Amino acid sequence: MTGSIQHQVNVHSRLTVVSSNPTEPMGQIYALTPTDHTMSSHTVHIIYYYRTRPFSNEGRYAMDLDNVRVSLSELLSKYPRMIGRLVRDENGNWEVKYNDAGVRMFKANVATTVDEWLRVADESDERNLTVWEDMPDGDPTSWSPFQIQVSEFVGGGLAIGISFSHMLADPTSGVLFYKSWTDAERGDPTGRHPPIFTLPPLNNRPPPTSTENTPITVKYLQKHSKQPPISSPKMATYTFKFSNTVIKKGLSKIADKCPEATPFDYLTAVFWMQVIKLKTLVADSLTHSISLCVDARKHFDVPIPMKFFGNALTFSQLCLENEAIARDNGLAELVQSVHRHVNGIKKEDIDSMIDWLESLAKGLSGVYPKGVQMYGPELTFVSLEHLIMNPKDDSNDEFQSLVYEAKFRNNEKPMHVSYRIGKAEGAGLIIVAPVPEGGLARTVTVTLPAEEAVKLCEDPVIMGMAPTMVLSGRGME
Amino acid sequence: MPESLPDFSSPVRLKYVKLGYQYLVNHFLAFLLIPIIASVALHLFRLGPDTIVTTVKSIELDLVQILCSTFVIIFILTVYFMSKPRSVYLVDYTCYRPPITCRVPFSTFMEHSRMILKDNPKSVEFQMRILERSGLGEETSLPPAIHYIPPKPNMEAARGEAEMVIFSAIDNLFEKTGLKPKDIDVLIVNCSLFSPTPSLSAMVVNKYKLRSNIKSFNLSGMGCSAGIISIDLARDLLQVLPNSNALVISTEIITPNYYQGNERAMLLPNCLFRMGAAALLLSNKRRERSRAKYKLVHVVRTHKGSDDRAYRCVYEQEDPQGLVGINLSKDLMVIAAEALKSNITTMGPLVLPASEQLLFLFTLIGRKIFNPKWKPYIPDFKLAFEHFCIHAGGRAVIDELQKNLQLSPEHVEASRMTLHRFGNTSSSSLWYEMNYIESKGRMKKGDRVWQIAFGSGFKCNSAVWKCNRNINTPVDGPWSDCIDWYPVHIPEVVKL
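Everything numeric here is computed off the predicted structure, so don't read it as measured data. (Residues numbered from 1 in each chain as written. Chains lettered and ligands numbered in written order. Predicted model: local features only at pLDDT ≥ 70, side-chain atom pairs only at ≥ 80, totals over all residues. Heavy atoms only, no water.)

### Quick look at the overall build of chain A
We count it as follows: In DSSP terms, a helix is any run of H or I states spanning at least four residues, a strand is any run of E spanning at least two, and both are numbered starting from the N terminus. Residue burial is assigned from relative accessible area. The probe radius is 1.4 Å, only protein chains are included, and a residue is buried under 20% of its type maximum, exposed over 50%, and partly exposed in between. Throughout, a contact is declared for two residues whenever any of their heavy atoms are within 4.5 Å. Surface exposure here means Shrake-Rupley accessible area, sampled with a 1.4 Å probe, where a residue is shielded only by the protein chains that are shown.
A tally of regular secondary structure across chain A gives 14 helices and 18 strands. Counting the 477 residues in chain A, one finds 58% classified as buried. When contacts within chain A are restricted to residue pairs at least 6 apart in sequence, long-range pairs at least 24 apart make up 78% of them. Carbon together with sulfur atoms contributes 53% to the accessible area of chain A, which is approximately 20,100 Å² in total.

In structure tokens, the structure reads:
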């Protein structure tokens, strides 16, 4: 079933979208931070699916000159980092040159309808909807770090996929940029606050605490930067959509132990427990650990943290004893530990992480450490809870997410949004993301070694939560 | 008096001598007649009124003589008015401003070049050097089909570009002048390199539902100077057609002519030619006289095609791979200078004040008879014109003309800034330059403008316009959003 639609995405054009105004001043070079360098082995891919095209089909240059591209060009003037190019300095470290070269755009046709695609396509098909192009021979001069693919489905559906190197931005930046684009196209004024690309220097900080209390973020880096690259088994990805009621039920069950648990905490705990059982190698060990990736924007010292465009992630490790999990109310325990851990990440941890990386670089005579495998060597959970905004008025219980408010002029929400992280190999990656309907419902995208992934799909606990499978290549479920 | 360059080499006294000489020669008739009239008037006063009356009464005229003289006078006046050429006015014009999505920054152009010509790094290097010294800015535009990698120059895209630029310009013109499609009597479209069937003029007739007895013309293959050829044609037609309007469209469609090979001489146009169009409304109607912007005074066309070198100077041909492009020969500047000299020789007597013509004549006689080593006198055209619009063919062209005509930087500012902002838009560039001068508020009633265009063939064509009314800023046009940033300093070499 899956093989038949693999060849159905036809990428027919490649062009460059430029900004509306030239970058001023032209040609300035900005160094990338050590944090950026550690992320350099990964790429980010986000795909937005729409049921109807947000632009008209008439006229000879409908796609070329209609408002969708005009608003994109105007927005790109505010993001000179996106239209610049990567260069290396004399130490071999990466920098961005604001040379106004534009972003690459690809256009594709898909031979099926968007509904059919979401039902039947799997992860390898979805790869065709964004650009997975590596830097040619390591030469960055003509390579666009940001790429957008617009794929048109039969019957009027559309998928817009943005992909970029993780060195320049994290998934949240991509989401926020995309939202600005749709807002601009709709005519909403988003231009009041321009994006922030660099953080204020961390000069007036209290000296780092003693080394006994190495922050969790630094510990994570210390461990992973020493690891050799992993040759991992083939990975498979499945996406589970859990409804509002199921999550609510689950949260109420553990409410006495952890009343403020978020859906992320809950789902992390559930999946962690089930994956432990699947992983034959570690099922019997005494401690289990996972990596947690949480957004760090709220800790930044800038006027509007959400306008920061770049890498703002914290990675940390959470360890638990086996016995704690094996107990009767193990799930509630897990939820509580995850919740405590996520909320326990402090500003000092982030600052120390940056400090540590800088000192490491100084030790290597100015060369920043190469990119490490940040996602995946250990089972990694990525939280996108920060993208869910509280409603302005408390009239209803629905939380709307920034992700799904990305509506073009025709005011249509995306049907689905997929997230993929390139080169997230090893134990696995689980991303917990919002759903179009809002509220407590979540989409969980699971990337595991192929065998474990298949087993997970048949896991009774997970299936007991009645998930809808999206883009998992499954038939009529 | 227009400002002349301070002449530091000769003493100040010589300048005043020159000024005095000019006044004397240019107003020679006045200097001659005023004393004569004064002396006659004085003489009459001395005679006294009675003598005048008796002298007049003594002239015996009978009715026949009076009638005959009256008829003769009327006849002469009629012949004079009938044989006077009709004045042709430029009511208004519009220039096309491309959308922001068509902008081509230098780095994007070079990236595309590197990707398309990846097997020819030398050609890429060549293009970069050309672009660095071209005098173009970061805001020039190429049509949508050329933004693809590789470019997609099919016929549909070419027609699309033509529709986009021509229809936008015409719509703007209709809005500005209140012209109705049914009032267009003559339609001339000039586009050198794209000539589909049905023609672009037929495309315009179709879109705007023009009259079936319209006189439409489509000029193709005539190069960058075709704009002035179209104006010349319109003028000739308006001599024959009384009370008529002529719509002239000058453009160059880039899409089908983007060279995709790697011959260096043929890659040059890719770096310079950009998207643009202009639409003009010319009229000989009496009622347009009051609101027309300019009056067409002269058109001088010079064709050097009889010379083989000039003929082959800009030559469209296939490269060894069979790809079609335009080959620009290395002695383009030399040929351009010669063509300009030819054109000036014809233009000079038409526009120069008598003082300059006399000086030129004397120097010419002197060189022939007395001493061939005398420097040829280059007439000072700044006395004849207030503004100059030099076709923005490239930086070298503007530099050459500035040198040959001894123009100041302010005179060539319009050309240089148009090259920077819009690139070489071929036949329409003269109108972007005109609009620049207007947008800067420099165009006053009575100002004379000289438009010079060069084109393949090799041709040098000029048009002389006289400003008919004061033009107030702000001027609505392609410069309206950016005129305040100009003039900009254009470095000799932009570091890419």
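There is more to say, and it comes next.
### A word on the side chain of A:T130
Residues and elements named next belong to chain A. Spelled out, the test is: Polar contact is the term for a pair of N or O atoms within 3.5 Å; when the atoms are in protein, one must be able to donate a hydrogen and the other to accept it, and sequence-neighboring residues count only if both atoms are side-chain atoms.
Its location among the elements puts T130 in the loop between α5 (123–126) and β7 (146–152). Here T130 falls in the buried class, since its relative accessible area comes to 5%. Engagement of the side chain of T130 in a polar contact is seen with the side chain of H45, the distance being 3.3 Å. A polar side-chain atom of T130 sits 2.9 Å from a polar atom in the side chain of W132. Ignoring anything within four residues of it in the chain, the contact list for T130 reads H45, I46, I47, Q149, G161, I162 and S163.

### Quick word on the pattern of salt bridges
Our working definition: The term salt bridge refers to a side-chain nitrogen of Lys or Arg lying within 4 Å of a carboxyl oxygen of Asp or Glu.
Going through the model one piece at a time under the given rule, you end up with 30 salt bridges over all chains. A:D115 is paired through a salt bridge with A:R51; the nearest N and O atoms lie 2.5 Å apart. On the criterion of sequence distance, the pair formed by A:D115 in helix α4 (residues 114–120) and A:R51 in the loop between β3 (43–50) and α2 (62–65) is long-range, its members being 64 residues apart. Close ionic contact of A:D295 with A:R297 constitutes a salt bridge, the shortest N to O distance being 2.7 Å. A:R297 carries the same exposure label as A:D295, and that label is buried. Shared partners join several salt bridges into a network, and the residues in it are B:D92, B:K176, B:K293 and B:E438.

### Observations regarding the sheet that holds strand β4 (residues 245–252) of chain B
All names here are of chain B. Quick reminder of the rule: The pairing criterion for strands is at least two bridges between them, as found by DSSP. Simply put, an axis is a line fit to the C-alpha atoms, just over the touching stretch for a helix, and the angle between two N-to-C directions goes from 0 to 180 degrees.
With mixed pairing, nine strands are arranged side by side in an open sheet as β3-β2-β4-β5-β1-β6-β11-β10-β9. Where the open sheet ends on each side, the last strands, each with one partner, are β3 (215–219) and β9 (387–390). Pairwise comparison of adjacent strand axes, ignoring direction, gives a mean angle of 25° for this sheet. Examined bridge by bridge, strand β1 (residues 88–95) and strand β6 (residues 294–303) share three bridges and lie antiparallel to one another. Bridging from a neighbouring strand, L90 pairs with Y294 of β6. Seen against the sheet, helix α12 (residues 332–351) touches β6, β10 (448–455) and β11 (459–467) and runs at an angle of roughly 135° to β6. Relative to β9, helix α16 (residues 429–439) is tilted by about 150°, and along the sheet it contacts β1, β5 (276–283), β6, β9, β10 and β11.

### Brief notes about the packing of helix α9 (residues 263–278) of chain A against helix α11 (residues 330–343) of chain A
Residue and element names in this part refer to chain A. Note the cut-off: Reported orientations rely on four angle classes, namely roughly parallel under 35 degrees, roughly antiparallel over 145, roughly perpendicular from 65 to 115, and oblique for the rest. Each crossing gets its handedness from the near helix: less than a right angle anticlockwise from the far helix is left-handed, clockwise is right-handed.
For the pair α9 and α11, the least separation of the axes is 8 Å and the interaxial angle reads 125°. One element, α9, and the other, α11, form an angle in the oblique class. In this structure, α9 meets α11 at a crossing whose hand is right-handed. Residues F264, D265, Y266, T268, A269, V270, W272 and M273 of α9 lie in contact with α11, whose contacting residues are G330, L331, L334, V335, V338, H339 and V342.

### Some details on the interface of chain B and chain A
Heads up, the condition is: Under the convention adopted here, Pro, Cys and the residues Ala, Val, Leu, Ile, Met, Phe, Trp and Tyr are nonpolar, Asp, Glu, Lys and Arg are charged, and Gly plus all remaining residues are polar.
Across the contact, 26 residues belong to chain B and 28 residues belong to chain A. Across the salt bridge formed by B:E111 and A:R104, the nearest N and O atoms sit 2.6 Å from each other. By residue number, the principal contributor to the side of chain B that touches chain A is helix α7 (residues 155–177) of chain B, which donates seven residues. Class assignment for the residues of the side of chain B that touches chain A results in 10 nonpolar, six polar and 10 charged.

### Focus: the packing of aromatic side chains
Condition: Note on aromatic contacts: the rings of Phe and Tyr and the six-membered ring of Trp form a pair at centre separations within 6.5 Å, being stacked when their planes are under 30 degrees apart, edge-to-face when over 60 apart, and tilted otherwise. Lysine NZ or arginine CZ positioned within 6 Å of the ring centre and within 35 degrees of the ring normal marks a charge as sitting over the ring.
Evaluation of the coordinates by the stated rule reveals 34 aromatic pairs over all chains. Ring centres of B:Y93 and B:W431 lie 5.0 Å apart, and the angle between their planes is 50°; on these two criteria the pair is classed as tilted. Placement of B:Y93 in strand β1 and of B:W431 in helix α16 is noted, with a sequence separation of 338 residues between them. Taking relative accessible area as the criterion, B:Y93 reaches 0% and is therefore assigned buried. Taken together, the ring pairs connect A:Y79, A:F146, A:F164, A:F177, A:F197 and A:F309 into an aromatic cluster. Positioned above the aromatic ring of B:Y315 is the side chain of B:R312, whose terminal nitrogen or guanidinium carbon lies 4.0 Å from the ring centre.

### Things to note about the packing of α9(A) against helix α13 (residues 450–457) of chain A
Pairs of packed helices are described in terms of their axes, by the angle between the two and the distance that separates them. Residues and elements named next belong to chain A. Their axes nearest at 10 Å, the elements α9 and α13 cross at an angle of 125°. The orientation of α9 with respect to α13, classified from their angle, is oblique. Viewed along their axes, α9 and α13 form a crossing whose handedness is right-handed. Residue-level contacts link F271, Q274, V275 and L278 of α9 to E452, K455 and L456 of α13. Looking at the contact of α9 with α13 residue by residue, the classes come out as four nonpolar, one polar and two charged.

### Observations regarding helix α8 (residues 200–208) of chain B
Residue and element names in this part refer to chain B. Operational definition: Working note: the arc is built from the helix axis to C-beta atom directions.
Looking only at α8, the buried set comprises L200, S201, M203, V204 and Y208. End-on, the buried residues of α8 take up no more than an arc of 155°, which puts them together on one face. At its buried positions, α8 is contacted by α7, β2 (186–191) and β3. Backbone geometry just after α8 places K209 at a positive phi near 55°.

### Re unusual backbone geometry
At the junction of A:E24 and A:P25, the peptide bond is cis and its omega measures out at -10° in the coordinates. Residue B:P198 is reached from B:T197 by a cis peptide bond, and omega for that bond is 0°. Mapped onto the secondary structure, B:P198 falls in the loop between β2 and α8. Located in the positive-phi region is A:D100, a residue other than glycine, with phi close to 65°. Phi angles above zero are rare outside glycine, and A:K423 is one such case at about 60°. Looking at where A:K423 falls in the secondary structure, it is placed in the loop between β15 (416–422) and β16 (429–434).

### Remarks on the nonpolar core
Selection criterion: To qualify as a nonpolar core, a set must consist of buried Ala, Val, Leu, Ile, Met, Phe, Trp, Tyr and Cys residues joined through side-chain atoms within 4.5 Å.
Ranked by size, the top nonpolar core spans 77 residues in total, and within it B:I166, B:L282, B:Y294, B:W431, B:M434, B:W465 and B:W479 carry the most contacts. Per-element tally for this core: the top contributor is α7(B), with 10 residues. With near-sequence residues (within four places) excluded, B:W431 lies in contact with B:L90, B:Y93, B:C95, B:I231, B:A278, B:L280, B:Q451 and B:W465. Counting residues in each nonpolar core, the second largest holds 68 residues, with A:I46, A:I160, A:V218 and A:A424 among its members.

### Considering the environment of A:L76
Residue and element names in this part refer to chain A. Considering the arrangement of structural elements, one finds L76 in helix α3 (residues 67–76). Its relative accessible area of 0% is what places L76 among the buried residues. In sequence terms L76 and K249 are 173 residues apart; their C-alpha atoms lie 44 Å from each other. Apart from the residues lying within four places of it in its own chain, the contact partners of L76 are V17, V18, S19, M82, I83, V103 and F177.

That is the geometry; function is a separate question.
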